[in-house]
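# Structural overview for review
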Amino acid sequence: MKLMTKAFVVACGIVQATFSFGEEGENAKRTVVNVNEGVMKPINIALNILDNDMISGQVLAVIKSDLQSTGLFRSIPSDAFLQKLTDLNQAPSFQSWKTINAQYLVNVQARNAGGKWGISLVVYDVLAAAKIKEFAISGNSDEWRKAAHMAANAIYERIIGE
């Protein structure tokens, strides 16, 4: 059978394709394919906290919650990590992160001293084996949560592009 006609209708993100096979007119056999939604898989992201203290854990929890709540990210559990990074700018072994299917790696460091805090992070594209973002913010201790949201936004914007 040969393809006789093709019609594509695109409206509101819905695609409909109609194909006619064989004869034209009333005797033609028609196949209709409707594609009305895509398959969305979350991006696998490894959020690595460098200091295992209370403020770092709280900052990481906010960042993780913000990213996962978008539905676009899936955080890889830290017990799956094959490499323990201890310094913000320590070069990762990208193969170790690929092995656990991480697409992005984020090293997060939070500090709190004398009523002042700071959050620093570095984002790596694991598949491209490249550092793609550095971010740092500091301020008064009572604003750490706002800064953690800003850090999550910086990660989101760099990876998603919005």
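Further up the page is the structure itself.
Presented here is an overview of the structure given in this document. Only a predicted model underlies this, so the values are computations on that prediction, with no experimental measurement involved.

With that settled, the discussion passes to the pattern of salt bridges. Following the criterion strictly, the structure yields 1 salt bridge and no others. For K131, the salt bridge is made with E134, and the minimal N-O distance between the two is 3.5 Å. With relative accessibility at 52%, the residue E134 sits in the exposed group.

Note on backbone geometry: most residues besides glycine have negative phi, and most peptide bonds are trans. Backbone geometry places N101, a non-glycine residue, at a positive phi of 65°. Residue classification places N101 among the exposed residues on the basis of a relative accessible area of 52%.

Of note, G71 is situated in the loop between α1 (54-69) and β5 (73-75). By relative accessible area, G71 is classed as partly exposed at 39%. Distance from G71 to M40, taken between C-alpha atoms, is 9.1 Å for residues 31 residues apart in sequence.

Attention shifts here to the side chain of D66. Along the chain, the position of D66 falls in helix α1. Comment: no salt bridge for buried D66; closest opposite-charge side chain is R145, at 7.3 Å. Aside from chain neighbours lying at most four places away, what touches D66 is H149 and A152.

At a closest axis distance of 9 Å, the pairing of α1 and helix α3 (residues 144-160) adopts a crossing angle of 45°. Classified by the angle between their axes, α1 and α3 sit oblique to one another. For the crossing formed where α1 meets α3, the hand is right-handed. Taking contact as the criterion, the partners of I55, Q58, V59, V62, I63, D66 and L67 in α1 are, on α3, W144, R145, A148, H149, A151, A152, I155 and Y156. The residue makeup of the contact of α1 with α3, split by class, is 11 nonpolar, 2 polar and 2 charged.

What counts and how
- Residues numbered from 1 in each chain as written.
- Predicted model: local features only at pLDDT ≥ 70, side-chain atom pairs only at ≥ 80, totals over all residues.
- Heavy atoms only, no water.
- Salt bridge = Lys/Arg side-chain N within 4 Å of Asp/Glu carboxyl O.
- Buried < 20%, exposed > 50% of the residue type's maximum accessible area, 1.4 Å probe, protein only.
- Helix = DSSP H or I, 4+ residues; strand = E, 2+ residues; numbered from the N terminus.
- Lys, Arg positive; Asp, Glu negative; His and termini not counted.
- Contact = heavy atoms within 4.5 Å.
- Axes fitted to C-alpha atoms, helices over the stretch in contact; angles between N-to-C directions.
- Parallel < 35°, antiparallel > 145°, perpendicular 65-115°, else oblique.
- Left-handed = near helix turned anticlockwise from the far one by under 90°.
- Nonpolar A, V, L, I, M, F, W, Y, C, P; charged D, E, K, R; others polar.

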